[in-house]
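Residues per chain are reported as follows:
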Amino acid sequence: MAKKNKAYITTPIYYVNDEPHIGHAYTTVVGDVLVRYHRQKGDDVFYLTGTDEHGAKIAESAMKSGLDTQEFCDMTAAKFQDAWKTLNISNDYFIRTTNKDHKEAVSKIFQTFHEKGLLEEKEYEGMYCVGCEKFLSERDLVDDKCPDHKREPESLKEKNWFFKLEQFLPKIQELIEKDEIQILPVTRKNEVLSLIKEGVMKDFSVSRQKTSVAWGVDLPFDDNQVSYVWVDALSNYITSIGYPDDMDKFNKWWPADLHLLAQDILKFHAIYWPAFLLALDLPLPKTLFIHGFFTINGEKMSKTIGNVIKPQELVDKYGVDATRYLLLSQFPFGQESDIREDHFVERYNADLANGYGNAVARVTTLIEKNELKIELDKKTDWLDSLGKHYSNYRFDLVIKDIMSRLQELDGYITEKAPWKIEDQDVLTEVLGKASNELWIVSQALLPFMPNIAQQVLDILEAEQIKKAPPLFPRLEN
Ligand code: ME8
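Just so you know, these numbers come straight off a predicted model, no measurement behind them.

Novice: Could you clarify how one ought to interpret the sheet that holds strand E4 (residues 119-129) in this entry?
Specialist: Taken in spatial order, the four strands of this open sheet run E5-E4-E6-E8, and their pairing is antiparallel. Each having just a single partner strand, strand E5 (134-136) and strand E8 (204-205) make up the two edges of the open sheet. Both E4 and strand E6 (residues 154-163) contribute to a ladder of ten bridges, which runs antiparallel. Paired with Gly 126 across the bridge in E6 is Leu 156. Strands in contact with helix H10 (residues 266-279) are E5, E6 and E8; relative to E6, the strand with the most contacts, it is inclined by about 35°.

Novice: For this particular structure, what's the right way to read the packing of helix H5 (residues 169-177) against helix H6 (residues 186-198)?
Specialist: The packing of two helices is summarised by the inter-axis angle and the distance between the axes. Two elements in contact, H5 and H6, have axes separated by 10 Å at closest approach and are oriented at 155°. Viewed along their axes, H5 and H6 adopt a mutual orientation that is roughly antiparallel. Like other packed secondary-structure pairs, H5 and H6 cross with a definite hand, here left-handed. Packed against H5, whose contacting residues are Leu 169, Ile 172, Gln 173, Ile 176 and Glu 177, the element H6 presents Lys 189, Val 192, Leu 193, Ile 196 and Lys 197 at the interface. Counted by class, the contact of H5 with H6 contains six nonpolar, one polar and three charged residues.

Novice: What exactly am I supposed to notice about the sheet that holds strand E11 (residues 222-227) here?
Specialist: Paired through backbone hydrogen bonds, the strands of a sheet run either parallel or antiparallel to each other. Strand order in this open sheet of three strands is E9-E11-E10, and the pairing throughout is antiparallel. Edge positions in the sheet fall to strand E9 (207-209) and strand E10 (218-219), since each of these pairs with one other strand and no more. Relative to E11, E10 is paired through two bridges, and the arrangement is antiparallel. Bridge assignment links Asp 218 to a residue of E11, and that residue is Val 226.

Novice: Looking at this model, I keep getting lost on helix H13 (residues 341-369). Mind explaining?
Specialist: Every α-helical turn comprises 3.6 residues, leaving residues that sit three or four positions apart pointing alike. The principal kink in H13, of about 40°, is found at Asn 358. Remark: Glu 371 follows H13 within two positions and exhibits a positive phi of approximately 50°.

Novice: Sorry if this is basic, but what is going on with the pairing of E6 here?
Specialist: The side chains of a regular strand alternate, first on one face of the sheet and then on the other. Sheet topology places E6 next to E8; two bridges connect them, and they run antiparallel. The partner of Phe 163 across the bridge, within E8, is Phe 204.

Novice: Can you help me understand helix H4 (residues 100-115) in this one?
Specialist: Over its 16 residues, H4 extends 23 Å from the first C-alpha to the last, a length consistent with the 22 Å expected when each residue adds 1.5 Å. Where H4 is concerned, the buried positions are His 102, Ala 105, Val 106, Ser 107, Ile 109, Phe 110 and Phe 113. Just downstream of H4, Gly 117 is the residue with a positive phi angle, here 70°.

Novice: What is the right way to look at the packing of aromatic side chains in this model?
Specialist: One pair of aromatic rings is described through two measures. These are the centre distance and the angle between the planes. Within the structure shown, the criterion is met by 37 aromatic pairs. Ring centres of Tyr 14 and Trp 84 lie 6.1 Å apart, and the angle between their planes is 65°; this geometry places the pair in the edge-to-face category. A residue pair is termed long-range when its members are at least 10 positions apart, and Tyr 14 in strand E1 (residues 6-15) and Trp 84 in helix H3 (residues 69-86) qualify at 70 residues. Take Tyr 14: its relative accessible area is 6%, and that puts it in the buried class. By the ring-pair criterion, three or more aromatic residues cluster together here, those being Tyr 26, Tyr 37, Phe 289, Phe 294, Phe 331, Phe 333, Tyr 390, Tyr 393 and Phe 395.

Novice: Would you mind showing me how to read the pattern of salt bridges here?
Specialist: Close approach of charged atoms allows side chains of opposite charge to pair. One pass over the full model with this rule turns up 31 salt bridges. The salt bridge partner of Lys 6 is Asp 257, with a shortest N-O separation of 2.8 Å. Taken together, the positions of Lys 6 in strand E1 and Asp 257 in the loop between helix H9 (247-253) and strand E12 (258-262) put the pair 251 residues apart, joining distant regions of the chain. Assessed through its relative accessible area of 25%, Lys 6 is described here as partly exposed. Using a relative accessible area of 15% as the deciding quantity, one classes Asp 257 as buried. When the shortest N-O distance is used, the salt bridge between Lys 178 and Glu 174 registers 2.9 Å. A residue is classified by how much of its surface remains accessible, and Lys 178, at 52% relative accessible area, is exposed.

Rules behind the numbers
- Residues numbered from 1 in each chain as written.
- Predicted model: local features only at pLDDT ≥ 70, side-chain atom pairs only at ≥ 80, totals over all residues.
- Heavy atoms only, no water.
- Pairing = 2+ DSSP bridges.
- Helix = DSSP H or I, 4+ residues; strand = E, 2+ residues; numbered from the N terminus.
- Contact = heavy atoms within 4.5 Å.
- Axes fitted to C-alpha atoms, helices over the stretch in contact; angles between N-to-C directions.
- Parallel < 35°, antiparallel > 145°, perpendicular 65-115°, else oblique.
- Left-handed = near helix turned anticlockwise from the far one by under 90°.
- Nonpolar A, V, L, I, M, F, W, Y, C, P; charged D, E, K, R; others polar.
- Bend = angle between axes of the 7 residues up to and from the residue.
- Expected span 1.5 Å × (residues − 1).
- Buried < 20%, exposed > 50% of the residue type's maximum accessible area, 1.4 Å probe, protein only.
- Phe/Tyr/Trp six-rings, centres within 6.5 Å; stacked < 30°, edge-to-face > 60°.
- Salt bridge = Lys/Arg side-chain N within 4 Å of Asp/Glu carboxyl O.

Take a look at the structure:
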């Protein structure tokens, strides 16, 4: 038997100081559509998501909530897990960075860095934004404040362990230029290369004095310091698949085929992460795909503006499957864009209520009424033709092709007007063709709408086709 292709796909691990919102949902649904597509092709898939639970920002949020820090993390991590359950996300594992196994692995990774002489103790002085969990430079500030968090950065001066990044930069530059680590879209690759060439990437601090931040992984070689954020966070992609203790499992999945993320964390994934992996003598991920940060109705999503959309609100309004579909059909994956609620409703009515839902209702109702026996031919060649769009991460084009096929079907039904056909054989032929079309379209929709597309497939594949229940009730705009 031919060896199966494998696909190891990850999302960022989300900070638990925030509750899951449409931004997190977007990346996670994209990954889920991809892994479901791969599973449908018969590939061996590992889909990873999880939560990033250490750092000052989280300790601060826990303090405000009045809960113990770990309890606070448990509570928010559960909210992410619930949200992904609601959205029918089929992850194979959910990593939490406060897991014992992960912390032990991070400690070992630090030990390796230390033994290899890649860490250096230095005095650090800088302006730190707790909201971003990163040091800001003068040019990042607007009116002396972090533009994203509208707060003044804290001045921080302490002795930290620095990771010697600079020595890895020429190698990283070469690997990115040669697409050994492919950064998509290409504009993002160019951004990373400019960062390297401008010389702004410096050795950076990877630890904190416990007196300033205690919520992190203990360093094995320094009792006074804890790990700080990026070694801990990025290494989730390898600790989740067994590194360093279960190397059989690790070697089965590593290198990652795809890390999904938005541009906010590009630098960390495209520069720090390759450096850590080179330091550990591990292969680099094959592809990073960086999608845009979207705004909501033209505004940046923020608690202050009060325009944060939670996945549950969308699910309450559109249902799970339509929410997944609508998230991916808004704009080409990778573009910076705006999400508009009125577009959601329009799209829902056009594609799902009047499109797919209506076609299924028309065809199945007529078949039931006339008690026709339908044989499906289950031809799948057209599905293969969607592969090129998946390879280019153009989910919008997958959807577009599916919708044009549905429109053709709609035209066919209108033209043949089966409700007027009296000859049973002719009727069987027309509705048989329509059923085959619905079957193939439902197969193509499965990664996007796993429940409803499966429900339609079950109806079509039954001994006797029965009228489908209403799938997508029309919504008022
Ligand atoms: O950065 N538009 O976590 P985070 C599109 N823990 N995507 C969005 C979005 C928006 N408006 N808002 C959030 C972290 N996202 C770190 C990552 S990884 C080793 C550590 C999505 O909770 C997008 O995927 O801030 C973005 O990269 C991620 O959430 C940031 O999540």
